[in-house]
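The residues making up each chain are set out below.
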Amino acid sequence: MASSLRALFRRRSRTLLALAGIGISAALLLDMTMLASGLTESFGELLGAKGYALRVTPKGILPFDSDATIRDAAATARRIASVPGVAGVAPALGAQLYPVTGDSAREPVFATGIDPRGQMLYRVLRGREPGPGEVVVSEPMARDDRLRPGSVVSLASGLDVSLGRPRGTRRYVVSGVAEFLYDYAGEHSVALPLGEVQRAIGRDNQVSLFGVSAAEGVDPGALAARIGRVVPEVSVYSTAELLRETSRRLSYFRQMATILGSVALTVTALLVATIITIGVRERFGEIATLRAIGIARERILLGVVAEGLTLALLGCALGLPLGLWMARRLDRILLSFPGLPSKVTFFTFDPGRVAFALAVVVAVGAVAGCVPGLGAVRSPLGQALREEAE
Amino acid sequence: MSVISARGIVKEYPYGGDSVRALRGVDLEVGPGELVAVVGPSGCGKSSLLNVLAGIDPPTEGRVELLGRDLGALGEGERSRLRLREVGFIFQRFHLLSVLTAAENVEFPMAEAGVPKGERRARARELLEYVGLGHRVGHRPPHLSGGEQQRVAIARALANRPKLVFADEPTGELDRRTGDEIIALFERLNADGTTLVIVTHDTSVAGRTRRVVEMADGVVVRDGRAGG
């Protein structure tokens, strides 16, 4: 075995070049493994970040998928709260408001009406939850507009298209600066008490959705079914259902990851098989001699397979840090696409999955080493010796 | 008891859709302690005979007994173990493992035979000294001359104290003087009690053995003392 491994590095530059190739293939496979489920898993973590396991939306609508709203929101909230197992109900109404400077309005910001006693959209970093006439602003907005708790911001509910002027402008005091969980990088967002947003956009007693938290020990799936029975005019999604839907919508990512991962595995197998085949061919005489002097075929085969295993293991050792580095770079590129929450990640490091992917590379290396090894030890010995002598 | 007993050996090799007959009914007996040269022109079947006698190639017809064991009755694994423990091999191109030192090459068959590490180290050194390479134990084959490599190969062949050694053109890659040294080593080995069968087309080798088996066209045409 030791002699086989030494033989592997007899042609050092050739082996190192092959190792570089296997390392890159392993890195690609690793990235594709992390990509295949990364966004869904990361989105799942985000959905559960504030402890709201269910989303209640207008019938047939996914959260924030359209402008549709749940009417008679206060009564609906009470009916949901009355369902056994519900620990809390957090309303949210999405809207667009226009920051106003002087007489003109700027680009609209995403505004959410929330209940400051329980909301699922942000974490306050500085200051406190908003009261009447107050607003919480996102960090990028605070940074860009130089806002801090106590600052005043003017927000308009719409634009007068003919005059190009803001209308329905109101002044709000900034009560806090927050990290908005679903914002894309650099997005300007605000959150206000629900009633303020309902009044500003003329949607009294309406919400886009409710977040529902389950009491400890309550199964979210069963709770969703109970809410659905009590409030049949809404749709209730558990985090698991939302993830399934997200996963369905992102199936092209998985298909791409599967194809690229398969290509990476094939390249690994070809590289290992090629380098081992060349090495076995070069040592054809040595191997025939070893068989002639009585070294067991299994021992010789084991030595050749060990070469494939070693190549694959070293390739994985190179591929792991390379793959993680590539994943960080690719994540940055992919997340720069507009509209994606900056808190999600396309590549999730799951030790179990990563270990499985690397184990597959090692297994492929062993099999790829096995093929030329079997060829060498199964060839008729007398013929091999004659060929070598010629 | 014969060390080798071969009766009616026929060996055919497939060639295209047909077959080539390399051995056409060879009978051969080799007794303990003999030093036998198998000679003949290229293609006469010398190496084919060696492969059949050593259990490397099965005969198409005939029966071979090696050290009292019927090779036809042994499986591949048993023939392999027989070669490992009781037969030594020396080849024209040495075929040492180039990544191992001279001592490690000699130890290799002993490790396969399960000889303890300390014992095989001592024996490898002893054998390398026997073949005159006591000062080269730590050298790798690429740093040894052809003659030195063949001496290492001889030491490797002797590693498991074989009763019989086969050598296939052992001087074929060596100059005259080095070849003579190797033959002298074979003579010493034979004098120490090892049976040797040497396949060669080198007439000077044949001239130094007590028995010469001459082959032509796959049959033994003469079997007797050198020059006899």
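Above this text is the structure in question.
Computed from a prediction, not measured in an experiment: that's the story for all the values here. (Residues numbered from 1 in each chain as written. Chains lettered and ligands numbered in written order. Predicted model: local features only at pLDDT ≥ 70, side-chain atom pairs only at ≥ 80, totals over all residues. Heavy atoms only, no water.)

Novice: I'd like a rundown of the overall build of chain B, residues and numbers included.
Specialist: On a plain count of helices and strands, chain B comes out with seven helices and 10 strands. Taking 228 residues into account, the globule formula puts the C-alpha radius of gyration at 17 Å, and chain B, at 17 Å, falls close to it. Seen through its C-alpha atoms, chain B measures out along the principal axes to roughly 50 × 40 × 40 Å. The 228 residues of chain B split such that 55% are buried. Across chain B, contacts joining residues at least 24 apart in sequence account for 69% of those joining residues at least 6 apart. Of the roughly 9,600 Å² of accessible surface on chain B, 47% is carried by carbon and sulfur atoms. Taking the 31 positively charged and 31 negatively charged side chains of chain B as two groups, their mean positions are separated by 4 Å. (Helix = DSSP H or I, 4+ residues; strand = E, 2+ residues; numbered from the N terminus. Rg over C-alpha atoms; globule rule 2.2 N^0.38 Å. Buried < 20%, exposed > 50% of the residue type's maximum accessible area, 1.4 Å probe, protein only. Contact = heavy atoms within 4.5 Å. Areas by Shrake-Rupley, 256 points an atom, 1.4 Å probe, with all protein chains shown as cover. Lys, Arg positive; Asp, Glu negative; His and termini not counted. Charge placed at Lys NZ, Arg CZ, Asp CG, Glu CD.)

Novice: Describe the environment of Gly48(A), with residues and values.
Specialist: All names here are of chain A. Position of Gly48 relative to the elements: it lies in the loop between helix 2 (12-47) and strand 1 (54-58). Note on Gly48: relative accessible area 40%, which makes it partly exposed. With 18 residues separating them along the chain, Gly48 and Leu30 place their C-alpha atoms 26 Å apart.

Novice: Which residues make up the nonpolar core, and what are the values?
Specialist: Counting residues in each nonpolar core, the largest one holds 65 residues, and the members touching the most others are Ile4(B), Leu66(B), Phe89(B) and Phe166(B). Aside from chain neighbours lying at most four places away, what touches Leu66(B) is Val3(B), Ile4(B), Leu53(B), Ala54(B), Leu71(B), Leu82(B), Val87(B), Leu164(B) and Phe166(B). Among the nonpolar cores identified, the runner-up in size contains 37 residues, and Leu97(A), Val109(A), Val153(A) and Ala224(A) belong to it. (Core = buried A, V, L, I, M, F, W, Y, C linked by side-chain atoms within 4.5 Å.)

Novice: I'd like a rundown of the sheet that holds strand 5 (residues 69-70) of chain B, residues and numbers included.
Specialist: Residue and element names in this part refer to chain B. A sheet is described by the order of its strands in space; here four strands give the open sequence 2-1-4-5, paired in antiparallel fashion. Each of the sheet's edge strands pairs with one partner strand only, and the pair in question is strand 2 (18-30) and strand 5. Bridge count for strand 1 (residues 4-15) against strand 4 (residues 61-66) is five bridges, and the pairing is antiparallel. When the sheet's bridge partners are listed, Ile4 is paired in strand 4 with Leu66. Running at roughly 65 degrees to strand 2, helix 1 (residues 46-53) makes contact with strand 1, strand 2 and strand 4 of the sheet. (Pairing = 2+ DSSP bridges. Axes fitted to C-alpha atoms, helices over the stretch in contact; angles between N-to-C directions.)

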